[in-house]
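# Tertiary structure, described
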Amino acid sequence: YQTFLRIARLWRYLESRLRFGQVHGIDRLFPHRPPGSLMVYCPACMDPGVNIFGKWWTCPMWLRHLIQMRITIDGNHQVSQFWKNTDPHDVTLADGVSYFPASKPYFKYLNDMGAISSEEYAAHCNHVKVIANQGRIQNQNCAKTGAVNTQCDHVFVMATADMQNGERYANVDASTHQAFKMYGYGDGKTENHRHCVPCHDSYDANCSYWTYKGKRFATSTYLSDQKEFYYWVELNQVGGYTRQMNDGHREDTIIAHHNDWNWRKTVNMGKI
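Computed from a prediction, not measured in an experiment: that's the story for all the values here. (Residues numbered from 1 in each chain as written. Predicted model: local features only at pLDDT ≥ 70, side-chain atom pairs only at ≥ 80, totals over all residues. Heavy atoms only, no water.)

## What to know about the overall build of the protein
- If you tally the helices and strands in the protein, you get nine helices and six strands.
- Each of the 272 residues in the protein was classed as buried or not, and the buried ones make up 48%.
- As displayed, the protein has an accessible area near 14100 Å², and 58% of this comes from carbon and sulfur atoms. (Helix = DSSP H or I, 4+ residues; strand = E, 2+ residues; numbered from the N terminus. Buried < 20%, exposed > 50% of the residue type's maximum accessible area, 1.4 Å probe, protein only. Areas by Shrake-Rupley, 256 points an atom, 1.4 Å probe, with all protein chains shown as cover.)

## Focus on the sheet that holds strand β6 (residues 199–203)
- Taken in spatial order, the four strands make up an open sheet running β5-β4-β1-β6, and their pairing is mixed. Across the chains shown, the open sheet's two edge strands, defined by having one partner strand only, are β5 (157–163) and β6. Pairwise comparison of adjacent strand axes, ignoring direction, gives a mean angle of 20° for this sheet.
- The strands touched by helix α9 (residues 247–268) within the sheet are β4 (146–152) and β5, with β5 carrying the most contacts at an inclination of about 155°. (Pairing = 2+ DSSP bridges. Axes fitted to C-alpha atoms, helices over the stretch in contact; angles between N-to-C directions. Contact = heavy atoms within 4.5 Å.)

## Describing unusual backbone geometry
- Of note in this structure, Val155 is not a glycine but carries a positive phi near 65°.
- With respect to the helices and strands, Val155 occurs in the loop between β4 and β5.

## A closer look at the layout of surface pockets
- Of the voids in this model, the largest pocket is the one considered here, and its volume is about 790 Å³.
- Along the wall of the largest pocket there are 34 residues; nearest its centre are Phe20, Leu38, Met39, Val40 and Asn259.
- It is α9 that provides the largest number of residues to the lining of the largest pocket, a total of seven residues.
- In terms of residue class, the lining of the largest pocket is built from 18 nonpolar, seven polar and nine charged.
- Here the second largest pocket defines a volume of roughly 320 Å³.
- What lines the second largest pocket is a set of 14 residues, and nearest its centre among them are Arg6, Arg9, Asp90, Asn246 and His249.
- Ranked by residue count, the leading element in the lining of the second largest pocket is helix α1 (residues 2–19), at four residues.
- In terms of residue class, the lining of the second largest pocket is built from four nonpolar, five polar and five charged. (1 Å grid on protein atoms, 1.4 Å probe; cavity = no way out; pocket = protein on both sides within 12 Å on 5 of 7 lines; lining within 4 Å. Points joined across faces, edges and corners; volume = space filled by probe spheres on them. Nonpolar A, V, L, I, M, F, W, Y, C, P; charged D, E, K, R; others polar.)

## A few points about the pairing of β5
- Among the seven residues that make up β5, seven are buried, leaving the element largely enclosed by the rest of the structure.
- Taken together, the six bridges between β4 and β5 define a ladder with antiparallel strand orientation. Bridge pairing in β5 places Gly146 opposite Met163.
- The turn joining β4 and β5, which pair antiparallel and follow one another in sequence, is formed by four residues; a positive phi near 65° is taken by Val155.

## Structural notes on the confidence of the model for the protein
- Overall, the predicted model of the protein reaches an average pLDDT of 81, with 83% of residues at or above 70.
- Per-element averaging of pLDDT across the protein places helix α4 (residues 118–121) at the bottom with 55 and β5 at the top with 93. (pLDDT = per-residue confidence, 0-100.)

## A short note on the side chain of Lys144
- Looking at the secondary structure, you find Lys144 in strand β3 (residues 142–144).
- If we skip the residues at most four places from it in the chain, Lys144 touches Ser80, Gln81, Asp162, Met163, Asp247 and Arg250.

See the structure below:
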């Protein structure tokens, strides 16, 4: 049975490489995106060179704001992972080429960040208790206390970053960084004027999160290539069994559900 589960997981990965065109050299058609991408992109969001052409950046700003990118950031504490004897060789098959950031650079970035910052501890808005609830009892036995999703206003998942101790700004920054990286922002390879794309984000802790966001992106080597810038009800059901999985299996399973959700959104978008 264990062998069957491993083969099923590998089969799912190989199928994804077929479906996303990686075995057919699709990367040459999307040079602004990271090579080897295994995720479903939103077809409606502003994507220079894909769904908008010409000198679109010369349009008046008020017109560009009509088609701006709007993203929503939110944390989910249901897709946690219990502390367990994890197999060190169980790693994701889509490391860094899908919704989750590459594991080694991500954990190095978190280690470089050190302990939770003083401004995060000081964020005690009456209506936002995200930061103040770092040590909640339900997450005391968890290696990963959940995940931070970044999604567009068409409810397509753009990126996900694991949380290790509540909803830290470092996790939120990494999630947004991965989202824009996978969408080709800051690639430095194509002259597509992506820096001219208006972008607004929404986050329930924006009142304190935005205070030092520019400084964090400007001073971090991990975030340095980008200076600017729910479907929880469904994903909650996934958390019931992913919290018992090893690291790689858990990440691959969540990626598969993200892709399924985004594909269903793509198919049904014309009905909206």
